[in-house]
Amino acid sequence: MTTSLSLLGIGFLLGLRHALEIDHVAAVVNLTSSLKSVRASLRHGLTWGLGHTLTLFVFSLVVLLIDTVVPELLAHGLEFVVGVMLVVLGADTLRRMIQQRIHVHVHAHDGVEHAHFHSHAHSTSHEHQHLPLWRTLAVGMVHGMAGSAALILLTLSTVSSFGEGLLYVLFFGVGSMLGMGTLSAALTVPFLLTENRLGRLQQGLQGLVGGGTILLGVLVMLENLNWWL
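Residues numbered from 1 in each chain as written. Predicted model: local features only at pLDDT ≥ 70, side-chain atom pairs only at ≥ 80, totals over all residues. Heavy atoms only, no water.

Here the focus is helix 2 (residues 22-32). The buried count for helix 2 comes to 10 of 11 residues, which makes it a mostly enclosed element. Here helix 2 has its buried residues at Asp-23, His-24, Val-25, Ala-26, Ala-27, Val-28, Val-29, Asn-30, Leu-31 and Thr-32. (Buried < 20%, exposed > 50% of the residue type's maximum accessible area, 1.4 Å probe, protein only. Helix = DSSP H or I, 4+ residues; strand = E, 2+ residues; numbered from the N terminus.)

Contact geometry for helix 3 (residues 38-66) and helix 8 (residues 162-193): axes closest at 7 Å, N-to-C directions at 155°. For the element pair helix 3 / helix 8, the angle class is roughly antiparallel. Here helix 3 and helix 8 pass one another in a crossing that is right-handed. Looking at the contact of helix 3 with helix 8, its residues break down into 20 nonpolar, 13 polar and no charged. (Axes fitted to C-alpha atoms, helices over the stretch in contact; angles between N-to-C directions. Parallel < 35°, antiparallel > 145°, perpendicular 65-115°, else oblique. Left-handed = near helix turned anticlockwise from the far one by under 90°. Nonpolar A, V, L, I, M, F, W, Y, C, P; charged D, E, K, R; others polar.)

For any pair of aromatic rings, geometry is given as the distance between the ring centres together with the angle between the planes. With the rule as written, the count across this model stands at one aromatic pair. With a centroid separation of 6.4 Å and 35° between ring planes, the pair formed by Tyr-168 and Phe-172 is classed as tilted. With Tyr-168 and Phe-172 both in helix 8 and four residues apart, the pair spans about one turn of that helix. As far as the burial class goes, Tyr-168 and Phe-172 line up, both buried. (Phe/Tyr/Trp six-rings, centres within 6.5 Å; stacked < 30°, edge-to-face > 60°.)

Where helix 2 contacts helix 6 (residues 133-146), the two axes come as close as 11 Å, and the packing angle between them is 170°. Judged on the interaxial angle alone, helix 6 and helix 2 are roughly antiparallel. Here Asp-23, His-24, Ala-27 and Leu-31 of helix 2 lie close against helix 6, whose contacting residues are Arg-135, Thr-136, Val-139 and His-143. (Contact = heavy atoms within 4.5 Å.)

Let us look at a nonpolar patch on the surface. Taken together, Leu-73, Leu-215, Val-218, Leu-219, Leu-222, Leu-225, Trp-227 and Trp-228 make up a surface patch of nonpolar side chains, about 720 Å² in accessible area. Looking at the nonpolar patch, the element that brings in the most residues is helix 9 (residues 199-228), giving seven residues. With respect to the helices, strands and loops of the structure, Trp-228 is situated in helix 9. (Patch = residues over 30% accessible without salt bridge, like charges linked within 9 Å, V, L, I, M, F, W, Y side chains within 5 Å. Areas by Shrake-Rupley, 256 points an atom, 1.4 Å probe, with all protein chains shown as cover. Salt bridge = Lys/Arg side-chain N within 4 Å of Asp/Glu carboxyl O.)

Taking 1.5 Å per residue as the helical rise, helix 6 with its 14 residues ought to reach 20 Å, and the 20 Å between its terminal C-alpha atoms agrees with that figure. When helix 6 is considered as a whole, its buried residues turn out to be Thr-136, Val-139, Gly-140, Val-142, His-143, Gly-144 and Ala-146. (Expected span 1.5 Å × (residues − 1).)

By size, the foremost hydrophobic cluster in this structure holds 21 residues, and its most contacted members are Trp-48, Val-82, Met-85, Leu-86, Leu-89 and Val-139. Of all the secondary-structure elements, those providing two or more residues to this core are helix 2, helix 3, helix 4 (72-100), helix 6 and helix 9. If one sorts the elements of this core by residue count, helix 4 sits on top with five residues. Dropping the residues within four chain positions of it, Leu-89 is found in contact with Ala-27, Asn-30, Leu-31, Arg-135 and Val-139. (Core = buried A, V, L, I, M, F, W, Y, C linked by side-chain atoms within 4.5 Å.)

In structure tokens, the structure reads:
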């Protein structure tokens, strides 16, 4: 019993840690950077974790039922798909940044100059405020297919029963959901703080996130292409 509880605790902690991997964080930040509340970001972070857990559960179920492993060729193919997804998400963030067209207007009151930032793309901002949860769920499912296979399958080989294996996956999934939910909520704060008075800074943050995510996606794609070649 002690061994089983320790294994489940390890699964939970590994899930928390796994949510903090750079490709996971990059994807979710791109999804949530234009949301208008911490609560919405928390909801999307939890949804990412749910999608991640769903595909992870399916992979683990197959492993436990037929006692097999994910072929290395398939694993690298799925990682390549993650790279493509990161490039798309980063490009979408840059597109939204350009569409927002944040301008600065300087004028004077009583001899004191004031600068005001605003965007002419209200419809774009409103649209992304209501980011559909299914999109975040799909991103989490892609990550669940690719990034978790080796980590989770290695541990599943040490479990003593089918039920213990599924419980481990469940605890791992709960850890990843809580980890990403908390992180998403925290990372939204800088975007909210810079939204109204520091428009240029917010635009710079979005550009950094989008450009960095594209670069990360390209590196992931090249790494897996090199394995094939």
